[in-house]
Amino acid sequence: ADPAGARKPLAFPPGFVWGTATSSFQIEGATTVDGRGPSIWDTFSATPGKVDGGDTGEPACEHYTRYPEDIAIMRRLGVAAYRFSLSWPRIQPTGAGAVEPRGLAFYDRLVDALLEAGIEPMVTLYHWDLPQASQDRGGWVNRDIVDEFVDYARIAHAHLGDRVKQWTTFNEPFCAAYLGYGNGIHAPGIVDPASALKAAHHLLLAHGRAVTAMRAQARPEQEFSLVLNFSTPRIAVQDQAHREAARKVEGIGHRLFLEPVLRGRYPADVLADVAHLDALEPVIKDGDLAEIAAPIDWLGVNYYNPTRIAPAADPLVETPGALPGLRGVEILPAEGPLTHTGWEQEADGLADLLRWLAAQAPGLPLLVTENGSAFPGDEVTPEGRVHDPERTAYLLAHLRAVRAAIQDGVDVRGYLAWSLLDNFEWAFGYDKRFGLVHVDFATQQRTLKDSALAYAQVVAGNAVPAE
Ligand code: GBH
């Protein structure tokens, strides 16, 4: 508390980009209209037992038709940018070849309406909704998908590039590879750690090749990026064994993706850690790493929670969880108070992560492309309010952390809150609500939560209230 009264708000640099983020499958609904092909998430969510409550991509937020209202809400928030993803199976229903003009036309309408509203569209090409037909050919484990993705990237970029300046290839290749093919908690639900690593390599190669292909047809002011997810490693004891355990976790979780993109090589220690799976070497071809290292203009950083790490008693015991090939490590339980998804809350984890990334990638601008929280109990009061003090506290604490990193000299260009709307939260279904805006999925009524009002104040003042 400040005895002299309210403390001065903590200002962000001029031009700091405030925005919100979503993804296609999580909000669009309309999964069978206008020629859209099925995606792996349609198949997966229709498979009993895969998604809580048997929830599917219908109705989601019916954003496919309600996007004008959602843009109007963004105007109320005052945000300058909106990060969304394109549904590949809307644009190429079978993942290769034939283009569906009605799919492209939806994104024309969306982009034009955003520009009209003065909101910068930031396109992500891939946020996990692979065409099912591509998966039927082997998905990310089959190297053929690399050039199929590059074709899709060229098509989307050629069509929208006259209006969209910001292009991201992939959202969280970690999740697409490790959750989709490694532990199977996401579509396509394959459980095979070796496949997860092969998929990771093909995602990285598709990223680099697509950046090069889009740049070749781009205007000079266009920017190309990749979005990675990070979970800050935490050890309770500063000894050699704990540091070694943390090295392994962030090696497979972070550096396996970062190093090839930044420096054109896989980290030798990580290759050694996963060598027993014999997965990566067989799929890495001459020249791949140079292609993966195509320069990017900024790195997108998604952060939700830290990970508590300890050494396991047996150095060869397989570590349960998402990280393929990880051995000799214990992932300790999160410490509360937890969010509704069971994730630990630690805002300092974001500040430390941004500092670490600045040291890893000197000169590369960073953008927080996702950060947010789910909490139980969001309900609309008779007055039309949603009181969500925990989400508001999470938001403000993480914004203070971003600002602390900036004060330390980290080049963070913006912050995009996850998420604009309550939406289809993957394997959790609709029960876990990450939105700043409440969605009643029965009526599709939108209601700004208190956290949205707090965010609007931050955006308007370009400053976060002091603690
Ligand atoms: C993001 O990913 C997604 O981009 C977004 O679509 C989603 O809605 C949002 O977060 C909220 O979930 O315990 O070892 O299995 C989430 C990042 C990274 C969080 C992996 C869960 C599980 C690791 N995720 N993590 S593990």
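All residue numbers here refer to positions counted from 1 along the written sequence of the relevant chain. With pLDDT at 70 or above as the cut-off, local features in this predicted model cover only qualifying residues; side-chain atom pairs require 80 or more to be listed or tallied, and sums for whole chains, interfaces and linings still use all residues. Excluding hydrogens and water, the side-chain figures rest on all heavy atoms present in the structure.

### Quick word on the pairing of strand β9 (residues 307-311)
By the convention used here, strands pair only if DSSP detects at least 2 bridges between them. Working definition: helices are DSSP H or I runs of at least four residues, strands are E runs of at least two. Numbering for both runs from the N terminus. Taken together, the two bridges between strand β7 (residues 233-234) and β9 define a ladder with parallel strand orientation. Looking at β9, one finds that Arg234 is bridged to Arg308. In this structure, β9 lies alongside strand β10 (residues 329-331), joined through three bridges in antiparallel fashion. Residue pairing in the sheet places Pro311 in a bridge with Val329 of β10.

### Digging into the packing of helix α7 (residues 144-160) against helix α9 (residues 193-216)
Two elements in contact, α7 and α9, have axes separated by 9 Å at closest approach and are oriented at 35 degrees. Crossing angle aside, the handedness with which α7 passes α9 is right-handed. Contacts between α7 and α9 pair Val146, Asp147, Phe149, Val150, Ala153, Arg154 and His157 from the former with His202, Leu205, Ala206, Arg209, Ala210, Ala213 and Met214 from the latter. Taken together, the residues that form the contact of α7 with α9 break down as nine nonpolar, two polar and three charged. Structural elements are reduced to axes, namely lines fitted to C-alpha atoms, with helices fitted over the stretch in contact, and the angle between N-to-C directions of any two is expressed from 0 to 180 degrees. Two helices cross in a left-handed way if the nearer one is turned anticlockwise from the farther one by less than a right angle. They cross in a right-handed way if the turn is clockwise. Note on contacts: a residue pair is in contact if any heavy atoms of the two residues lie within 4.5 Å. Three classes are used: nonpolar for Ala, Val, Leu, Ile, Met, Phe, Trp, Tyr, Cys and Pro, charged for Asp, Glu, Lys and Arg, and polar for all others, with Gly counted as polar.

### With respect to the UniProt feature "binding site: substrate" (unreviewed entry) in the protein
Annotation from UniProt places "binding site: substrate" (unreviewed entry) at Gln26, His127, Asn171, Tyr304, Trp418, Glu425 and Trp426. Considering the arrangement of structural elements, one finds Trp418 in strand β12 (residues 412-418). For Trp418, a relative accessible area of 4% gives the class buried. Apart from residues lying up to four places away in sequence, Glu425 is in contact with Gln26, Trp418, Lys432 and Phe434. UniProt positions are given in the numbering used here, feature names are shortened, and annotations may be inferred rather than shown by experiment. Relative accessible area decides the class of each residue, using a 1.4 Å probe on protein chains only: under 20% of the type maximum gives buried, over 50% gives exposed, and in between gives partly exposed.

### Considerations on the sheet that holds β9
Overall, mixed pairing links the three strands, which are arranged β7-β9-β10 in an open sheet. What marks the edges here is a single partner per strand, and that holds for β7 and β10. Lying over the sheet, helix α10 (residues 240-263) contacts β7, β9 and β10, oriented at roughly 130 degrees with respect to β9.

### Topic: the nonpolar core
In this structure, Trp140, Phe149 and Tyr178 are the most contacted members of the largest nonpolar core, which totals 136 residues. When residues in this core are grouped by element, the largest group, 13 residues, is from α9. Leaving out residues up to four positions away in the same chain, Tyr178 has contacts with Pro173, Asn183, Gly184, Ala196, Leu197, Ala200, Ile252, Leu256, Phe257, Ala322, Leu323 and Pro324. Grouped together as the second largest cluster of nonpolar side chains are 12 residues, Met122, Tyr304, Tyr394 and Phe434 included. Among buried residues, the Ala, Val, Leu, Ile, Met, Phe, Trp, Tyr and Cys ones that are joined through side-chain atoms within 4.5 Å form a nonpolar core.

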